Amino acid sequence: MEEVTLLGFWPSPYSHRVIWALKLKGVKYEYIEEDLGNKSDMLLQYNPVYKKIPVLVHGGRPIAESFVILQYIEDTWPHTYPLLPKNAHERALARFWIKFGEDKGYIIFSAFFLVSEEKDLGDAGMKEVLEFLKILEEHALGDKKFFGGDKIGMVDIAYGWLSYFFKGMEEMRGVKLLEPSTLPRLHAWAENFKQVSVIKDNLPDYTKLLVHLKSVREKMTAQNPTSKK
Amino acid sequence: MAEENKVILHGFWPSPFVKRVELALKIKGIPYDYVEEDLPNKSSLLLEYNPVYKKVPVLVHNGKPIAESIVILEYIDETWKNGPSLLPEDPYKRAEVRFWASFLQQQLLQRAILVVKSDGEAQEKAIEELFEKLKLLEERIMNIFPEGTASINQENMGLLDIVLISCFGYYKVLEEVLGFKVMDPEKTPLVFSWLTTLLEIPVVKEAIPSHEKEVLFIKYVRQNALNPTAV
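Residues numbered from 1 in each chain as written. Chains lettered and ligands numbered in written order. Predicted model: local features only at pLDDT ≥ 70, side-chain atom pairs only at ≥ 80, totals over all residues. Heavy atoms only, no water.

Trainee: How would you explain the overall build of chain B if you had to name every residue and give the values?
Mentor: When helices and strands are tallied, chain B shows 10 helices and 4 strands. What you see in chain B, going N to C, is helices and strands ordered as β-α-β-α-β-β-α-α-α-α-α-α-α-α. Dimensions of chain B, computed from the C-alpha atoms along their principal axes, are close to 55 × 50 × 30 Å. Burial status across chain B gives 52% buried among its 231 residues. For chain B, contacts bridging at least 24 residues in sequence account for 70% of all contacts bridging at least 6. Total accessible area on chain B is roughly 11,100 Å²; 53% of this is exposed by carbon and sulfur atoms. One way to put it: in chain B the 26 positive side-chain charges average out to a point 2 Å from where the 34 negative ones average out. (Helix = DSSP H or I, 4+ residues; strand = E, 2+ residues; numbered from the N terminus. Buried < 20%, exposed > 50% of the residue type's maximum accessible area, 1.4 Å probe, protein only. Contact = heavy atoms within 4.5 Å. Areas by Shrake-Rupley, 256 points an atom, 1.4 Å probe, with all protein chains shown as cover. Lys, Arg positive; Asp, Glu negative; His and termini not counted. Charge placed at Lys NZ, Arg CZ, Asp CG, Glu CD.)

Listed below in structure tokens is the structure:
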């Protein structure tokens with residue numbers, strides 16, 4: 001059995017995607033906490049292209065980029081807890097929705113972290129975020145309990161940030177987007193996802209997370225003094 | 001019987017993303033119908049098949065649509081087992097292909113597009129970043145292809161080769177429009193030789209549109225981006 005190591009960062013949703021996948025598959029691993037202000041030589045050696053976490057190291061060989069890692073985990077441990085559907089068309093749909101989330105990541109990031117003034121829901125950036133959430137609810141989730149159907153799968157893991165980290169982002173910005181009144185099915189999904197035992201047992205402390213998110217935003221808005229109002 | 005395995009590709013001839021799917025279908029010898037979309041005037045079918053992005057390519061297999069080029073390539077590889085595999089069997093090698101395909105797409109192609117669509121300082125910055133990323137790829141090629149790239153052919157080419165062709169197969173067109181070398185054999189000899197090996201493969205040669213047609217199109221894209229009102 002080759003050793004599995006995960007280089008991660010405690011508040012990172014990308015880091016958590018890999019933790020959740022490994023736990024669902026029952027894969028034992030060693031976790032190494034990276035100080036992103038002071039990256040280890042190991043991280044720089046294992047991910048020279050991007051110098052980012054998460055990095056999964058299996059039998060001494062590194063894999064970077066969380067979506068690539070998730071697919072690697074699925075390919076390597078196929079016999080326990082499938083993360084993707086069996087049907088090829090459904091697998092394509094799962095990959096499509098994960099890609100959609102990656103593509104729209106900048107909308108979320110800029111609306112929450114790059115705008116320095118408190119704004120109400122009339123803010124153009126927040127409108128785009130809401131639109132993105134509505135598309136997810138309508139087209140990706142529909143009337144299913146989870147994106148993966150009755151059980152969580154790779155798409156749920158990929159959007160896991162929305163179920164827990166997003167609340168911190170909303171609180172930090174003073175907005176409420178994911179509500180039972182505005183997005184009933186997606187809100188229900190978020191609640192259900194957090195209750196899954198593997199997820200519940202592997203979430204960062206909320207108070208600490210909020211402090212961290214606020215400091216990220218302060219740093220980002222200080223670097224972007226000309227950010228839009 | 002005629003409806004079994006009916007494959008339709010909705011595309012747009014200059015799109016690198018469509019090109020990927022065309023190449024994958026041709027390499028695997030999958031017969032398909034092609035529908036050229038007029039992008040300012042998208043067909044209602046396209047809007048129905050890809051309501052989220054409203055973009056090409058869309059592959060329709062037995063009436064079911066799939067969008068996003070890399071997603072389509074993985075679908076093709078999983079569904080048609082004849083012809084060469086687009087992805088390797090080994091999970092680690094598959095991860096490497098996916099990693100570098102994403103790098104080519106996000107780091108290289110996006111910057112190349114930005115270089116085409118900008119001028120002045122913005123373009124200079126984009127050019128600098130493009131060459132920085134190309135250099136990164138050059139440094140890592142021996143990890144990706146430990147045996148080199150000289151023996152790549154129609155029978156063993158895969159997803160990563162397809163993505164490179166789609167991103168830079170038209171490098172001579174870019175160089176003509178921009179007036180400087182994008183694929184320089186002196187700066188990035190390994191990437192250059194990988195690309196030129198691929199461009200010699202018959203199925204690839206046939207799939208690349210005419211140089212003149214592409215030059216006109218890229219000039220139009222550049223003109224449009226720099227002077228949005230003057231169309």
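Having seen it, we continue.
Trainee: Outline the UniProt feature "domain: GST N-terminal" (unreviewed entry) in chain B, listing residues and values.
Mentor: Sites flagged by UniProt as "domain: GST N-terminal" (unreviewed entry) map to residues 5-84 of chain B. Between the end C-alpha atoms of residues 5-84 of chain B there is a gap of 19 Å, over a span that is 36% helix and 21% strand. (UniProt positions renumbered as here; feature names shortened; annotations may be inferred.)

Trainee: How would you explain the interface of chain B and chain A if you had to name every residue and give the values?
Mentor: Listed as interface residues are 26 residues of chain B and, on the opposing side, 26 residues of chain A. Between chain B and chain A, a total of about 2,400 Å² is buried, with carbon and sulfur atoms accounting for 65% of that surface. When the buried area of chain B at its contact with chain A is split by residue, Val52(B), Tyr92(B) and Phe99(B) rank highest and sum to 26% of it. Run the count over chain B and chain A and you get 6 salt bridges. With a shortest N-O distance of 3.0 Å, Asp75(A) and Arg94(B) are connected by a salt bridge. Across the chain B-chain A interface, the total number found is 10 residue pairs in polar contact (both at pLDDT 80 or more). Looking at the side of chain B that touches chain A, the elements that each hand over two or more residues are strand S4 (64-67), helix H3 (69-79), helix H4 (91-117) and helix H5 (120-144) of chain B. With 9 residues, the top contributor of residues to the side of chain B that touches chain A is H4(B). Split by residue class, the side of chain B that touches chain A holds 15 nonpolar, 3 polar and 8 charged. (Buried area = accessible area lost by both parts, 1.4 Å probe. Salt bridge = Lys/Arg side-chain N within 4 Å of Asp/Glu carboxyl O. Polar contact = N/O pair within 3.5 Å; in protein donor to acceptor, adjacent residues only side chain to side chain. Nonpolar A, V, L, I, M, F, W, Y, C, P; charged D, E, K, R; others polar.)

Trainee: Quick one: what's the story with unusual backbone geometry, residue by residue and with numbers?
Mentor: Cis geometry marks the peptide bond from Ile53(A) to Pro54(A); its omega dihedral reads 0°. Within the fold, Pro54(A) resides in the loop between helix H2 (41-46) and strand S3 (55-58). Here the amide bond leading from Val56(B) into Pro57(B) is cis, since omega sits at 0°, within 30 degrees of zero. Here the phi dihedral of Lys51(A) falls at roughly 55°; this positive angle occurs in a residue that is not glycine. With respect to the element layout, Lys51(A) can be found in the loop between H2 and S3. Non-glycine residue Asn62(B) carries a positive phi angle of around 50°.

Trainee: Quick one: what's the story with the packing of H4(B) against helix H6 (residues 159-168) of chain B, residue by residue and with numbers?
Mentor: Residue and element names in this part refer to chain B. Relative orientation of the contacting elements H4 and H6 amounts to 5°, with a least axis distance of 9 Å. Judged on the interaxial angle alone, H6 and H4 are roughly parallel. On H6, the residues touching Val-97, Trp-100, Ala-101, Leu-104, Leu-108, Leu-109 and Ala-112 of H4 are Leu-159, Leu-160, Val-163, Leu-164, Cys-167 and Phe-168. Grouping the constituent residues of the contact of H4 with H6 by class yields 13 nonpolar, no polar and no charged. (Axes fitted to C-alpha atoms, helices over the stretch in contact; angles between N-to-C directions. Parallel < 35°, antiparallel > 145°, perpendicular 65-115°, else oblique.)

Trainee: So what's going on with the pattern of salt bridges? Residues and values would help.
Mentor: All names here are of chain A. If you walk through the whole model with that rule in mind, you get 20 salt bridges over all chains. Between Glu-74 and Lys-25 there is a salt bridge, with its nearest N and O atoms 2.7 Å apart. Of this pair, Glu-74 sits in helix H3 (residues 66-76) while Lys-25 sits in helix H1 (residues 13-25), placing them 49 residues apart in sequence. Of the charged contacts, one joins Lys-99 and Asp-103 as a salt bridge, the two residues approaching to 3.4 Å between their closest N and O atoms. Of this pair, Lys-99 and Asp-103 both sit in helix H4 (residues 88-103), 4 residues apart, roughly one helical turn.

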